[in-house]
There are 4 protein chains.
Amino acid sequence: MGADQGRFDLTIRGGTVVTADARFEADLGIRGGRVVQIGGQVRGEREIDASGKLVLPGGIDAHVHLTLSDPPGDSGEPRWCDDFHSGTRAAAGGGITTVGNMTFPHPGQTLRAAIERDAAEAERDAVVDVMLHPVLTDPATQPLGDIPALAAEGHTTLKYFMSFGGFRTDPEAYLEATRLAAGAGMLTMVHCEDAAMIAHATDRLMAEGHGAIANYPRSRPIAAEVSATARAVAFAELTGAPTYVVHLSSAGALDEVRRGRRRGAHLAVETRPLYLYLTEERFAEPDGAKYVGQPPLRRADDVVALWRGLANGEVDTVCTDHAPWRYADKVVSGMDVTTIRPGVADLDTLLPMLYSEGVAKGRISLHRFVAATATNAAKLFGLYPRKGTIAVGADADLAIWDPALTKPVRATDFQTNADYSPYEGWEVTGWPVITISRGDVVYDNGRVTGSRGRGTVLRRGPTASL
Amino acid sequence: MGADQGRFDLTIRGGTVVTADARFEADLGIRGGRVVQIGGQVRGEREIDASGKLVLPGGIDAHVHLTLSDPPGDSGEPRWCDDFHSGTRAAAGGGITTVGNMTFPHPGQTLRAAIERDAAEAERDAVVDVMLHPVLTDPATQPLGDIPALAAEGHTTLKYFMSFGGFRTDPEAYLEATRLAAGAGMLTMVHCEDAAMIAHATDRLMAEGHGAIANYPRSRPIAAEVSATARAVAFAELTGAPTYVVHLSSAGALDEVRRGRRRGAHLAVETRPLYLYLTEERFAEPDGAKYVGQPPLRRADDVVALWRGLANGEVDTVCTDHAPWRYADKVVSGMDVTTIRPGVADLDTLLPMLYSEGVAKGRISLHRFVAATATNAAKLFGLYPRKGTIAVGADADLAIWDPALTKPVRATDFQTNADYSPYEGWEVTGWPVITISRGDVVYDNGRVTGSRGRGTVLRRGPTASL
Amino acid sequence: MGADQGRFDLTIRGGTVVTADARFEADLGIRGGRVVQIGGQVRGEREIDASGKLVLPGGIDAHVHLTLSDPPGDSGEPRWCDDFHSGTRAAAGGGITTVGNMTFPHPGQTLRAAIERDAAEAERDAVVDVMLHPVLTDPATQPLGDIPALAAEGHTTLKYFMSFGGFRTDPEAYLEATRLAAGAGMLTMVHCEDAAMIAHATDRLMAEGHGAIANYPRSRPIAAEVSATARAVAFAELTGAPTYVVHLSSAGALDEVRRGRRRGAHLAVETRPLYLYLTEERFAEPDGAKYVGQPPLRRADDVVALWRGLANGEVDTVCTDHAPWRYADKVVSGMDVTTIRPGVADLDTLLPMLYSEGVAKGRISLHRFVAATATNAAKLFGLYPRKGTIAVGADADLAIWDPALTKPVRATDFQTNADYSPYEGWEVTGWPVITISRGDVVYDNGRVTGSRGRGTVLRRGPTASL
Amino acid sequence: MGADQGRFDLTIRGGTVVTADARFEADLGIRGGRVVQIGGQVRGEREIDASGKLVLPGGIDAHVHLTLSDPPGDSGEPRWCDDFHSGTRAAAGGGITTVGNMTFPHPGQTLRAAIERDAAEAERDAVVDVMLHPVLTDPATQPLGDIPALAAEGHTTLKYFMSFGGFRTDPEAYLEATRLAAGAGMLTMVHCEDAAMIAHATDRLMAEGHGAIANYPRSRPIAAEVSATARAVAFAELTGAPTYVVHLSSAGALDEVRRGRRRGAHLAVETRPLYLYLTEERFAEPDGAKYVGQPPLRRADDVVALWRGLANGEVDTVCTDHAPWRYADKVVSGMDVTTIRPGVADLDTLLPMLYSEGVAKGRISLHRFVAATATNAAKLFGLYPRKGTIAVGADADLAIWDPALTKPVRATDFQTNADYSPYEGWEVTGWPVITISRGDVVYDNGRVTGSRGRGTVLRRGPTASL
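The model shown is predicted, which means the values in this text are computed figures rather than measured ones.

Conventions used here
- Residues numbered from 1 in each chain as written.
- Chains lettered and ligands numbered in written order.
- Predicted model: local features only at pLDDT ≥ 70, side-chain atom pairs only at ≥ 80, totals over all residues.
- Heavy atoms only, no water.
- Helix = DSSP H or I, 4+ residues; strand = E, 2+ residues; numbered from the N terminus.
- Rg over C-alpha atoms; globule rule 2.2 N^0.38 Å.
- Buried < 20%, exposed > 50% of the residue type's maximum accessible area, 1.4 Å probe, protein only.
- Contact = heavy atoms within 4.5 Å.
- Areas by Shrake-Rupley, 256 points an atom, 1.4 Å probe, with all protein chains shown as cover.
- Lys, Arg positive; Asp, Glu negative; His and termini not counted.
- Charge placed at Lys NZ, Arg CZ, Asp CG, Glu CD.
- Domains from an automatic or database assignment.
- Buried area = accessible area lost by both parts, 1.4 Å probe.
- Salt bridge = Lys/Arg side-chain N within 4 Å of Asp/Glu carboxyl O.
- Nonpolar A, V, L, I, M, F, W, Y, C, P; charged D, E, K, R; others polar.
- Polar contact = N/O pair within 3.5 Å; in protein donor to acceptor, adjacent residues only side chain to side chain.
- Phe/Tyr/Trp six-rings, centres within 6.5 Å; stacked < 30°, edge-to-face > 60°.
- Lys NZ or Arg CZ within 6 Å of the ring centre and 35° of its normal.
- Pairing = 2+ DSSP bridges.
- Axes fitted to C-alpha atoms, helices over the stretch in contact; angles between N-to-C directions.

1. Structural notes on the overall build of chain A
And step 1. When helices and strands are counted, chain A shows 13 helices and 19 strands.
And step 2. Its C-alpha atoms give chain A a radius of gyration of 21 Å, within 12% of the compact-globule value 23 Å for 466 residues.
And step 3. C-alpha atoms of chain A, sized along the principal axes, occupy 75 × 50 × 45 Å.
And step 4. Across the 466 residues in chain A, those meeting the buried criterion constitute 68%.
And step 5. Look at the contacts in chain A between residues 6 or more apart in sequence, and 76% of them connect residues 24 or more apart.
And step 6. Split by element, the accessible area of chain A, about 13700 Å² in all, is 49% carbon and sulfur.
And step 7. Computing the positive centroid from 48 side-chain charges and the negative centroid from 58, chain A places the two 3 Å apart.

Written as structure tokens, this is what we have:
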């Protein structure tokens, strides 16, 4: 045995390692940013005592918005308030070691230009690793030929919206884009809401004097999500494209996915924390605007359906759609269903809330928790086996988790620039205490220790089946 | 008893009267174009001996194309070959006493102008009665305000296509049109096929060198119909509009209707004879182009599903989408999936084929036959109780039916200007021998006796539930 | 014209005739117990002025219990309180001209003996016509060979229970019985509740001290109905037997029927008035026992599903399962879920309640009302075209209906021996004012005028499709 | 570092470790029958070179029949031909390190006595580890009180058949048994086929002279499986019992599970290799009897549905229902559907066939293969985390797998006493070369090296969610 055997840059000692399919007590030896040894005796430059803690794969939140230059627009309008720096600090603080950013081209910009733009920002600012998802908003000015080229460079996702932009008037181009993406091994991510139904419902509410935020769910009805999901599933069938439904929010939309899977479509489902914990009655609160996302919060039976789907494995991932606001920008007097500002900060709370409401309350197993927050995303987004589990050779992306730590959600504790949480005051059991990214401790008991710019833009392989 | 009691303009003696819910032997007395007495003793100016025959309500074919100026266009291109004269002669010859014409505005024409145009043509030419369905093809040039106005004048239907025209780029306008139609008591008729999916599938076939007619079904895949049907159902739910799915062709699309009904949507389903008798293998025949309609012929299991739906009452009507061609125009050497000419003549054969394949072969009851070819359409299209059954006070629209007459389908026997039938040579049992429209014998054993222009354009009431 | 033409035993003048597919103003001429003439001029021995009234086919309630010797048993226990006399008086008073009695063999009795027993009672006592349904409760003592023999004699139904009796231990014999019934043209009627699930649920409630009537629905859970319905549907598929699900009460059970129909099974669905108007919260009332039937009242969403199914034609008939009790016998202090006495009187209220809650409130069309209360049952039970509609040659079974008459439900107004109604005090619009059975006025404005024994036991043909 | 660190009883060097959620290159160090170290440097008493090989968790086949004294009975009739010795040799040869035996009480025997009987046999004979599943065949003689007692002793499953035995006449007792099992943390395993439907269908075939083996599928129709599955799902809902459907064979039955899961039932699905590779046409082969299992082989669309379910995770496990016959006993001249001998040997072929047809052909991922053959069963059957994955502290149950080895199926190569394989001659890619049970090499390149009696009867914990 060589002299350096058993010596590591970092060791995690005494913890319980948990993956999507295993749970065992073992020490970990980390060298060169990777896990090198599991079990046996390890000794390191730095040793972390994980006694009484869980050692989890670092979370992968495949759906965030960290580009300040993005919507909602320009010229003095307030915007989302996290950039790659503050946003990835929030990730680190929440036990998340990879985020997937929605990269929107600016007007006239190509997909490639947008990716280059965000890649530069992310390389400069990020504290943890970053995936970039090019968002096709206007096929007229965003050449589809960029799609396979981006895949070749490791950006193996394509995102589009059915709810706005070019899809409304040229859905055929999106079929072609989806086909090209599939041919290049990419995963197509779709926001499924029918633009025409939303516009009609919103117009009717306004025309009838029912534009108040309390009626927000009626402006984006479940039928609009269900119908669009059915159409996205049909697109998946027609093109053979592996398709990922983002932030699915309703029982009806999940039924459409079930039906598609039964017919053989390759579908993955993401839901969003909001839809697991809150229902539409919230919008009637005086500052109900603070809960506004797209789609809206749904009904109690939708919540039940999503938890069942998560427990059964029908829901593959839980991601935040983190789109943070300062409260004063988000909740504005006189807002109506046409002027709401969608988006909620959730990077700091994704893992603790899901652990607390899901695992601690017995709704899902600990393994399903890991699968839904790390392993499944790693496979779907072409990061596997480098990320998403704890394995020899994999990146040492880890969350040291205290399953017994109970404390309330307090926005003031968090790293995001957002200054409120939709869960403010909820008692939560289970928090990350240390977060490790490629062997570096990037978060340690309340303090972000990862340096700006240490995060990298990930070059990914093709999407893989679970 | 007054001297004129028991004396009628016309009597039908000795037949078996059949309606959607009754079957009995009785004589009919007709006066002033209406049935005045059922049973008892009748004596008339003219007496028809219906011994051994069935006396059925005249058929209502709510879906035909009899406007020569319609698509496929202008400038020397061949066109559909029946006008209101030849088309309504074909109706009379087939036991049909009411047809519903799709009235397309010419470029720049409003819905009202199109209706006025076709009303003039129909009043001039028609042999039996005519409904006119305004077709919304371009909301930009066809003001939606015409919709309630047309309803007020008795044109209580609105037709639109999801497969082409303005719907592709402005579906929201169609939601508004549907809402207005519903508010005016109208029935919205929808052609459910997803334009983008059709375009994509067609492009792919052409790009891959598979444009031959044998591949026609792949150019308009079932998924395109199913997905569009689901969307039309969602539109119906969102607006509360009674919605009539035209020429539904697949088991999957019928499932979407079932699901919508379960959720409380007001839906009616039409199928088309082609889909009950023929399957997609036909397109591989040397002159397979002759079977081309939109949607395409489907698979054997779709045929089974449609028959079951018809037997169960889930399919409400069987209508032709009569769009006749001369064979030489329809079947052209070198045609591919982009140059096909859709449409098939079926007015002469609608009732005999359905009786023969449905009633005589035990697939549906005689009452279901009457319901699907007359009574249901009368209710749905606001003609009831004036038409659609045999009742005191109702129009004397009757088909004297020989249930034992067996003869082959021969296009040369028919009244349509089309010179071929997709069923050429099929042995058919059950044919109309006399057709009576408002008390006039308009067809008598092979000869059309109704005069040109005796047909009227019907002013209809609101759509009614079955 | 012969001297006697136009002279009738009875005429109905000035009314609006309504059938399942027609509505028109016409006089009716009746002779020899049959409708002979519709429209034209009629003059009769007796003339009824039906101005402002509807003239409907007399109701057919295919599901009643009028055999005093039936369950719940013997030896001093209280029993259902209507016999063929009082029960058919209640029918006449409620506009019903045909009832279908469940004829249970006594211990050791054969099906044939039971039918002969009830036939004798009915011929002696009945005021309107009676169908007898042999109930197979014990294949060990009731030879299956009686089944085709009974069909040959015009008793073309076979009823069985999945919830008790021989089915529990010998379901295979019921498959054989169903097969024999189908071969003889019979309709098989099935009470779909899983006996084992009921027993288990009841035992658990009792063991846990939750036996109070308020928990009655939990003792016969929806899952027990849904599961048994699925099994009955499978039996129908396996044997090809036309199958009629009695008193279907839940959305889930209706889904099972939908699925069966989609697969091609020949299924008909009956629901029961209780399930359309009342929900399970009723059982928590102090005398909630008065609402107890089998299955229990269900939830609000089940009620919605049944109304939708009725409007859509998925529910074919509404029948009472009339099983009347005196209040003092039905509501007994200390009762629990094991000692409840199932059954409710509903013959007097079937038609008025359904008209008032269904037609007058716009939930179903007038035609659907007629179909569900007369026409569909006539076809399904082999009475057609003799009964179930108003047609020349058909029995003159009629209800003269005042659609404007509004009065509260008062058990004291009714003919049944039951002394309470579950709808006591409900304001109901639409009541029969005169009931006519085979040309005899059997009920006239509050008074039963039909004589005891004038009713006949009907000999029926094979079941027919709708 | 202590002197013995890094020294192991056994090391596996150079292989690619594959689990349900990970794939990585690492050496394994094994000590005391357990995996102690993954990665890093290991040196052992014995070293296995796994270069170019996969290192998989040993298979868990939860469904086998290795009790010679079991059905089909006694007195000279031929029987299944593997005991715990030959059967677990076949397991070892097939890469399987745990089998789950169906332990039927003999007539009059209690569940506990049966378990004790088989435990003694297994401890004496088994080469790999054994779970014992008590089979409740007669609640009248098998006291239900044994159920929680057996759970307390580590036998945390209860199996029953809906297709024969006590369930037919006393299903209520099975509800109670299921309830008790759930309360004790047990998994209930159910054979879902409706006994009455099978008996009826079989009787009809025989009566009509269609008893030949070619008609075997008609004697146990899909409807019998679908219906029973629906009922088992309802039992699961009523009792809250985690329920495992054994050898699910049809698309329709899988639909029932989907529907149950959607309603919140805790369900797991096993399918069987036969149903993934073969269709019902096989029974028409001259010796079609050799394929006979219960349920029968199904149709091509069922096969597609099962593969999709496996790929999606809707099917949790693939187990053999290994019930081996000698060809001469299995295929007997003159057999008909009443005299067939059900059961097929599959322990030797379970893993290679699934790897070859599933992983190598791209139908399922390598991870799904591991999950379906090891990890999921470990969790469901209370063996986790001791078995089912490769983790520090877990039993060193491993299959060294050659993914490139291609050879035909030859029954003569196998360890089972059965002398034919239903897949004889199929070219299969991917075979185990070495099998390790708790650190012992029990199979090595064609030779079983594990000693008789080294296997243990496993004491298990409660069933766990996936």
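So much for the structure itself; the text now carries on.
2. Some remarks on the domain arrangement of chain A
The extent of an interface is frequently quoted as the accessible surface area lost upon association of the parts.
Residues and elements named next belong to chain A.
And step 1. Domain annotation for chain A reports domain 1 (8-56 + 389-448) and domain 2 (58-380).
And step 2. Facing the 38 residues of domain 1 at the interface are 47 residues of domain 2.
And step 3. Across the domain 1 to domain 2 interface the summed buried area is about 3500 Å²; carbon plus sulfur atoms make up 63%.
And step 4. The salt bridge involving Arg-326 is made with Asp-419; its shortest N-O contact spans 3.4 Å.
And step 5. Every element with two or more residues in the side of domain 1 that touches domain 2 is listed here: β7 (54-57), β16 (398-408), β17 (427-437) and β18 (440-444).
And step 6. Top contributing element to the side of domain 1 that touches domain 2 by residue count: β17, with nine residues.
And step 7. Residue classes in the side of domain 1 that touches domain 2 are distributed as 23 nonpolar, nine polar and six charged.

3. Some words on the interface of chain B and chain A
And step 1. At the interface, 25 residues of chain B touch 25 residues of chain A.
And step 2. Of the roughly 2300 Å² buried between chain B and chain A on both sides combined, carbon and sulfur atoms contribute 57%.
And step 3. Ranking the residues of chain B by area buried against chain A places Glu-172, His-200 and Leu-238 of chain B at the top, with a combined share of 25%.
And step 4. On the surface where chain B and chain A come into contact, there are six salt bridges.
And step 5. Across the pair Glu-256 of chain A and Arg-259 of chain B runs a salt bridge, and its minimum N-O distance is 2.8 Å.
And step 6. Our count for the contact surface shared by chain B and chain A stands at six residue pairs in polar contact (both at pLDDT 80 or more).
And step 7. At the level of secondary structure, the elements contributing two or more residues to the side of chain B that touches chain A comprise α4 (171-183), α5 (195-207), α7 (222-239) and α8 (251-262) of chain B.
And step 8. If you tally residues by element for the side of chain B that touches chain A, the top one is α7 of chain B, at eight residues.

4. Considering the packing of aromatic side chains
And step 1. Applying the stated rule across the entire model yields 68 aromatic pairs over all chains.
And step 2. Taken together, a centroid distance of 6.3 Å and an interplanar angle of 35 degrees make the contact between Phe-414 of chain A and Trp-431 of chain A tilted. Remark: Trp-431 of chain A occurs in strand β17 and Phe-414 of chain A occurs in the loop between β16 and β17; sequence separation between them is 17 residues. Each member of the pair, Phe-414 of chain A together with Trp-431 of chain A, is buried.
And step 3. Taking 5.2 Å as the distance between ring centres and 80 degrees as the angle between the ring planes, the aromatic pair formed by Tyr-216 of chain B and Phe-283 of chain B counts as edge-to-face. With Tyr-216 of chain B in helix α6 (residues 216-219) and Phe-283 of chain B in the loop between α9 (273-277) and α10 (300-312), this pair connects stretches of sequence that are 67 residues apart. Considered together, Tyr-216 of chain B and Phe-283 of chain B belong to a single accessibility category, that of buried residues.
And step 4. What links up through ring pairs into an aromatic cluster is the set Tyr-160, Phe-167, Tyr-174 and Phe-235 of chain A.
And step 5. The lysine or arginine in question, Lys-379 of chain B, covers the ring of Tyr-384 of chain B, its NZ or CZ lying 5.1 Å from the ring centre.
And step 6. Directly above the aromatic system of Trp-307 of chain C lies the positively charged group of Arg-363 of chain C, at a separation of 4.7 Å from the ring centroid.

5. What about the pairing of strand β16 (residues 398-408) of chain B?
All names here are of chain B.
And step 1. As paired elements, strand β7 (residues 54-57) and β16 share four bridges and run antiparallel to each other. Residue pairing for β16: Val-55 is matched across the bridge by Ile-400.
And step 2. Sheet analysis places β16 next to strand β17 (residues 427-437), joined by eight bridges and oriented antiparallel. From the neighbouring strand, Ile-400 faces β17, where its bridge partner is Ile-434.

6. Remarks on the sheet that holds β18 of chain A
Strand pairing in a sheet is mediated by backbone hydrogen bonds. Such pairs are either parallel or antiparallel.
All names here are of chain A.
And step 1. Here we have seven strands laid out as an open sheet, ordered β3-β2-β7-β16-β17-β18-β19, and mixed in their pairing. Edge strands, defined here as strands with exactly one partner in the open sheet, are β3 (23-25) and β19 (447-448).
And step 2. Pairing geometry for β18 and β19, over two bridges, is antiparallel. In the strand pairing of β19, Tyr-443 is matched with Val-448.
And step 3. Packing of helix α1 (residues 84-93) onto the sheet brings it into contact with β17, β18 and β19, and relative to β18 it is tilted by some 85 degrees.

7. Overview of the pattern of salt bridges
Residues and elements named next belong to chain A.
And step 1. Summed over the entire model, instances satisfying the criterion amount to 152 salt bridges over all chains.
And step 2. With a closest N to O distance of 3.7 Å, Arg-7 and Glu-45 form a salt bridge. Of the two residues, Arg-7 sits in strand β1 (residues 7-13) while Glu-45 sits in strand β6 (residues 43-49), which places them 38 residues apart along the sequence.
And step 3. Overall, Arg-7 belongs to the partly exposed group, its relative accessible area being 36%.
And step 4. Judged by its relative accessible area of 63%, Glu-45 is exposed.
And step 5. Residues joined in a network through salt bridges with shared partners are Arg-34, Asp-129, Arg-386, Lys-387, Asp-395, Asp-397 and Arg-438.

8. Describing the sheet that holds strand β1 (residues 7-13) of chain B
And step 1. Strand order across the open sheet formed by eight strands is β6(B)-β1(B)-β4(B)-β5(B)-β5(C)-β4(C)-β1(C)-β6(C), with mixed pairing between neighbours. Each having just a single partner strand, β6 (43-49) of chain B together with β6 (43-49) of chain C make up the two edges of the open sheet. Averaged over all adjacent pairs, the angle separating strand axes in this sheet is 25 degrees, with direction ignored.
And step 2. Bridge count between strand β4 (residues 28-31) of chain B and strand β5 (residues 34-39) of chain B: four bridges; the pairing is antiparallel. Residue pairing across strands places Ile-30 of chain B opposite Val-35 of chain B, the latter belonging to β5 of chain B.

9. Observations concerning the interface of chain A and chain D
And step 1. Of the residues lining the interface, 39 residues belong to chain A; the matching set on chain D comes to 39 residues.
And step 2. Between chain A and chain D, the buried area comes to about 3300 Å², and carbon and sulfur atoms account for 46% of it.
And step 3. One can count two salt bridges joining chain A with chain D.
And step 4. When the shortest N-O distance is used, the salt bridge between Asp-255 of chain A and Arg-262 of chain D registers 2.5 Å.
And step 5. Between the two partners, chain A and chain D, sit 26 residue pairs in polar contact (both at pLDDT 80 or more).
And step 6. If you list the elements that add at least two residues to the side of chain A that touches chain D, you get β3, β5 (34-39), α8 (251-262), α10 (300-312) and α13 (366-380) of chain A.

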